[in-house]
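# Understanding the architecture of this molecule
One letter stands for each residue in the lines below.
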Amino acid sequence: MKKVDIEPSWYNLLENEFEKKYFTNLRSFIKNEYSTKVIFPPPKLIFNAFNLTPANKVKVIIIGQDPYHGEGQAHGLSFSVPTGIKIPPSLMNIYKELNTDVNKSIPNNGLLEDWASQGVLLLNSVLTVESGKANSHKNIGWEKFTESVISLISKKKESLVFLLWGNYAHKKDNFIESNNHLILKSVHPSPLSAYNGFFGSKHFSKANNFLKKNNIKEIVW
């Protein structure tokens, strides 16, 4: 099987992972899925989060669950959608919290590539999904891969900020290998739970305060 097409600093960090049996099985499964069904995101965007945020540039990690499963939404970044696609409810709540926390005006699009270019790794736990079927690619190997990503990057780097929103993301703190990172937890920003502690959590200003304290350039959210 040909080499995984991913940004070089990530390839160097994850090279051993790509050789493991679970990952070769995962690649075969995914290849078959793309050839027989409608799968999101487009194949070339599966590793978009890694390609836009090289391993050596990571400052903040926001963990999502799996990609949006509607046409044109998923493009490889957790919570983000391309320009021209309606802003999903959870992302709108993220924008509302940003507005009250750091006084950022609410954008007219859902594209978060600017965050990614500043060092925010927008990492879904599962990187692919079948059209119209949320969670259809859970437990096929992606979780094992992204948990390794969290473990390896947290060992390699210091003073990272992890934003863990919702119970699913909270469980990922088991894979964060250090006690010098900042781990911020709240309920998920979805309309079902945002009022139970996501609004008012001030995670964005807390993240920047931590970065500043560690002499790391803050994120312009």
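Conventions used here
- Residues numbered from 1 in each chain as written.
- Predicted model: local features only at pLDDT ≥ 70, side-chain atom pairs only at ≥ 80, totals over all residues.
- Heavy atoms only, no water.
- Buried < 20%, exposed > 50% of the residue type's maximum accessible area, 1.4 Å probe, protein only.
- Helix = DSSP H or I, 4+ residues; strand = E, 2+ residues; numbered from the N terminus.
- Pairing = 2+ DSSP bridges.
- Contact = heavy atoms within 4.5 Å.
- Axes fitted to C-alpha atoms, helices over the stretch in contact; angles between N-to-C directions.
- Parallel < 35°, antiparallel > 145°, perpendicular 65-115°, else oblique.
- Nonpolar A, V, L, I, M, F, W, Y, C, P; charged D, E, K, R; others polar.
- Salt bridge = Lys/Arg side-chain N within 4 Å of Asp/Glu carboxyl O.
- Polar contact = N/O pair within 3.5 Å; in protein donor to acceptor, adjacent residues only side chain to side chain.

### As for the pairing of strand 6 (residues 182-186)
- The two faces of strand 6 differ: L182, L184 and S186 on one face are buried, but I183 and K185 on the other face are not.
- Direction of pairing for strand 5 (residues 161-165) relative to strand 6: parallel, over a ladder of five bridges. From the neighbouring strand, V161 faces strand 6, where its bridge partner is L182.

### Description of the environment of A116
- Checked against the element boundaries, A116 lands in helix 5 (residues 113-117).
- Sequence separation between A116 and V129 is 13 residues; the distance between their C-alpha atoms is 21 Å.
- Excluding anything up to four places from it in sequence, A116 contacts L52, T53 and L122.

### A closer look at the pairing of strand 3 (residues 120-124)
- The buried count for strand 3 comes to five of five residues, which makes it a mostly enclosed element.
- The two faces of strand 3 match: V120, L122 and N124 on one face and L121 and L123 on the other face are all buried.
- Summarising the sheet, strand 2 (residues 60-64) and strand 3 pair through five bridges and their orientation is parallel. Looking across to strand 3, one finds that I62 is bridged to L122.

### Overview of the packing of helix 1 (residues 8-19) against helix 2 (residues 21-36)
- The N-to-C vectors of helix 1 and helix 2 enclose an angle of 80 degrees; their axes lie 5 Å apart at closest approach. The orientation of helix 1 with respect to helix 2, classified from their angle, is roughly perpendicular. Together, E17, F18 and E19 of helix 1 and K21, Y22, F23 and T24 of helix 2 make up the contact between the two elements.
- Residues of the contact of helix 1 with helix 2, tallied by class, amount to three nonpolar, one polar and three charged.

### A look at the pattern of salt bridges
- Using the criterion set out here, one finds six salt bridges in the structure.
- Two residues, K37 and E130, come together in a salt bridge whose shortest N-O distance is 3.9 Å. Of this pair, K37 sits in the loop between helix 2 and strand 1 (39-40) while E130 sits in strand 4 (residues 129-130), and the two are 93 residues apart along the sequence.
- Its relative accessible area of 36% is what places K37 among the partly exposed residues.
- Between K185 and D173 there is a salt bridge, with the nearest N and O atoms lying 2.5 Å from each other. Taken as a pair, K185 in strand 6 and D173 in the loop between helix 7 (167-170) and strand 6 lie far apart in primary sequence, 12 residues in all.
- With relative accessibility at 40%, the residue K185 sits in the partly exposed group.
- Overall, the relative accessible area of 23% leaves D173 in the partly exposed class.
- One connected set of salt bridges, linked through shared partners, spans E33, K37, E130 and K133.

### Describing the environment of N99
- Structurally, the position occupied by N99 is in helix 4 (residues 89-102).
- In this structure, the C-alpha to C-alpha distance between N99 and K86, residues 13 residues apart in sequence, is 19 Å.
- From its side chain, N99 meets the backbone oxygen of K104 in a polar contact 2.9 Å long.

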